[in-house]
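A look at the structure
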Amino acid sequence: MPSSEKVRWGILGPGSIASRLLQDADRGTNFSVVAVGSRSRDRAAEFGSRFGIARVHGSYEALLADPAVDAVYIALPNSLHHPMTMLALAAGKHVLSEKPYSRHPEQVVEAFDAAEAAGLSLMEAFMWRHSPQTRRFMELLPEVGELQSIRSTFGFVMASTSDVRLEPGLDGGALMDLGCYTISGSRMVAGAEPVRVFGEQTLGPTGVDVRFSGLLRFPSGVVAEIVAGFTSTQRSLEAVGSKGTLVSRDPWQGELGGIELNGRAEPVGVPDDAYRLEMESLSAAILGHGQPLLGRADALGQARTIDALFRSAASGNPVSLAG
Ligand SMILES: NC(=O)c1ccc[n+]([C@@H]2O[C@H](COP(=O)([O-])OP(=O)(O)OC[C@H]3O[C@@H](n4cnc5c(N)ncnc54)[C@H](OP(=O)(O)O)[C@@H]3O)[C@@H](O)[C@H]2O)c1
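Quick caveat, the model's predicted, so the values are computed rather than measured.

**Overview of the overall build of the protein chain**
- When helices and strands are counted, the protein chain shows nine helices and 15 strands.
- In terms of principal-axis extent, the alpha carbons of the protein chain reach across some 55 × 45 × 40 Å.
- Counting every position in the protein chain, which comprises 323 residues, the buried fraction comes to 54%.
- Taking contacts inside the protein chain between residues at least 6 apart in sequence as the whole, the part at least 24 apart equals 68%.
- Looking at the protein chain as shown, the accessible area adds up to about 13600 Å², and 51% of this sits on carbon and sulfur atoms.
- Placing the 29 positive and 36 negative side-chain charges of the protein chain at their respective mean positions leaves the two points 1 Å apart.

In structure tokens:
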């Protein structure tokens, strides 16, 4: 694909996050959204008319077969990320898959092996990693001195009883939906992969974890504490070091708060739409300009940590990830 062209994206799943992504997609410098696929042609058509998307497909397979689509954004429930990614790669499409890519490390390996073999780009959609606020947080991190501990939280009160996040068969649950951000934040701040984890979960009536707390120990001795849940509202990322504390009050969505260093508010720069930036990052890589911000190593680190935390919570014992 010549670098002067725009990447033509198709959306799989016209749901809530796909709607959010499209809020600022018109400003995309190197991509355009040209198609949408749904299990229902009516839903695809309604979404297409709402967002001015001309090509509408009544099945995911039909979208994957559309030659006018270069890349697909997989905005489906968690258990469908991996199977749909494999189908998309087999159809020759680049892939941006919503988070968490998978709780199974072997699926991450299989997908990145397939993408590399086909010369296609694949990225897990942690949009918060693309925000100016996150960049500023990492610029300020050295100010805390020698890093000692990390704390992060993400929670909201789940009002619905029929949300896909409550479905065990769709890989729902608080660790998958929200805890994956706290894992992402802990790994980013530590700059390493955990060597041992311990997890505790509280299961709800549908069988998924509605609250999950975990400890992640990193090779340096830094310990990260993570809390995720569907029963209270909380969002934070905190790095504690020998010289001070850096706190982000809304690290994942960047809607509230800001960043404080030792209790003093820090300017975070001009806010920008992290969803559009994420799409621009992967589109640039597809057009031959550098690598995606997040690749195989990050997705594998996420899946290994999620898997180990679930195993720890199930057994009541710490799980080693060393070696
Ligand atoms: N990055 C972020 O900020 C962010 C925020 C929220 C969610 N997410 C992630 O995005 C993904 C989708 O979340 P969402 O909130 O957008 O979900 P959603 O609106 O409930 O569902 C998205 C779409 O999935 C399709 N779908 C396919 N099989 C389904 C099934 N068995 N049950 C229900 N829907 C099914 C539906 O489209 P059709 O039936 O029309 O095909 C639906 O519109 C999740 O992996 C979630 O973790 C990311």
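Now that the structure has been shown, the text picks up again.
**What to know about the domain arrangement of the protein chain**
- The domains assigned to the protein chain are domain 1 (7-128 + 275-294) and domain 2 (131-269 + 303-320).
- If you average the C-alpha positions of domain 1 and of domain 2, the two centres end up 25 Å apart.
- Across the contact, 14 residues belong to domain 1 and 24 residues belong to domain 2.
- Both faces combined, the contact of domain 1 with domain 2 buries some 1700 Å², and carbon together with sulfur accounts for 65% of it.
- Broken down residue by residue, the surface that domain 1 buries against domain 2 is led by K99, R103 and W128, which jointly contribute 45%.
- Across the salt bridge formed by K99 and D177, the nearest N and O atoms sit 3.4 Å from each other.
- Where domain 1 touches domain 2, the interface holds seven residue pairs in polar contact (both at pLDDT 80 or more).
- Its residues assigned to classes, the side of domain 1 that touches domain 2 comprises eight nonpolar, four polar and two charged.

**Considerations on the site of the ligand**
- Taken together, the neighbourhood of the ligand is formed by 24 residues, with S38, R43, Y60, N78 and Y275 sitting nearest.
- In the model, an oxygen atom of the ligand is placed 2.6 Å from a nitrogen or oxygen of the S38 side chain.
- Isolated, the ligand exposes 880 Å² of accessible area, and the fraction of that covered by the protein chains is 83%.
- Secondary-structure elements contributing two or more residues to the shell around the ligand are helix 1 (16-21) and helix 7 (174-190).
- Residues that form the shell around the ligand fall into these classes: 12 nonpolar, six polar and six charged.
- Lining the shell around the ligand are residues from two domains, each supplying at least three of them: domain 1 (7-128 + 275-294) and domain 2 (131-269 + 303-320).

**Comments concerning the pairing of strand 7 (residues 147-155)**
- Direction of pairing for strand 7 relative to strand 11 (residues 234-241): antiparallel, over a ladder of eight bridges. By the bridge assignment for strand 11, R151 is matched with E238.
- Sheet topology note: the strand 7/strand 10 (residues 223-229) ladder contains seven bridges and is parallel. Following the sheet pairing, S152 is matched in strand 10 by I226.

**Structural notes on the pattern of salt bridges**
- One pass over the structure, following the stated rule, counts 23 salt bridges.
- Linking D66 and R55 is a salt bridge whose minimum nitrogen-to-oxygen distance equals 2.7 Å. With a gap of 11 residues between them, D66 in the loop between helix 3 (60-64) and strand 4 (71-74) and R55 in strand 3 (residues 55-57) connect regions that are remote in the sequence.
- On the basis of relative accessibility, which here comes to 37%, the residue R55 falls in the partly exposed class.

**Some thoughts on the packing of helix 4 (residues 81-90) against helix 5 (residues 105-118)**
- Direction vectors running N to C along helix 4 and helix 5 enclose 15°, while the axes themselves pass 10 Å from each other. Of the possible angle classes, the one that applies to helix 4 and helix 5 is roughly parallel. The crossing of helix 4 and helix 5 is left-handed. Here H82, T85, M86 and L89 of helix 4 lie close against helix 5, whose contacting residues are Q107, E110, A111, A114 and A115.
- Classifying every residue of the contact of helix 4 with helix 5 gives five nonpolar, three polar and one charged.

Here is what the cut-offs are and how they apply
- Residues numbered from 1 in each chain as written.
- Predicted model: local features only at pLDDT ≥ 70, side-chain atom pairs only at ≥ 80, totals over all residues.
- Heavy atoms only, no water.
- Helix = DSSP H or I, 4+ residues; strand = E, 2+ residues; numbered from the N terminus.
- Buried < 20%, exposed > 50% of the residue type's maximum accessible area, 1.4 Å probe, protein only.
- Contact = heavy atoms within 4.5 Å.
- Areas by Shrake-Rupley, 256 points an atom, 1.4 Å probe, with all protein chains shown as cover.
- Lys, Arg positive; Asp, Glu negative; His and termini not counted.
- Charge placed at Lys NZ, Arg CZ, Asp CG, Glu CD.
- Domains from an automatic or database assignment.
- Buried area = accessible area lost by both parts, 1.4 Å probe.
- Salt bridge = Lys/Arg side-chain N within 4 Å of Asp/Glu carboxyl O.
- Polar contact = N/O pair within 3.5 Å; in protein donor to acceptor, adjacent residues only side chain to side chain.
- Nonpolar A, V, L, I, M, F, W, Y, C, P; charged D, E, K, R; others polar.
- Near = heavy atom within 4 Å.
- Pairing = 2+ DSSP bridges.
- Axes fitted to C-alpha atoms, helices over the stretch in contact; angles between N-to-C directions.
- Parallel < 35°, antiparallel > 145°, perpendicular 65-115°, else oblique.
- Left-handed = near helix turned anticlockwise from the far one by under 90°.

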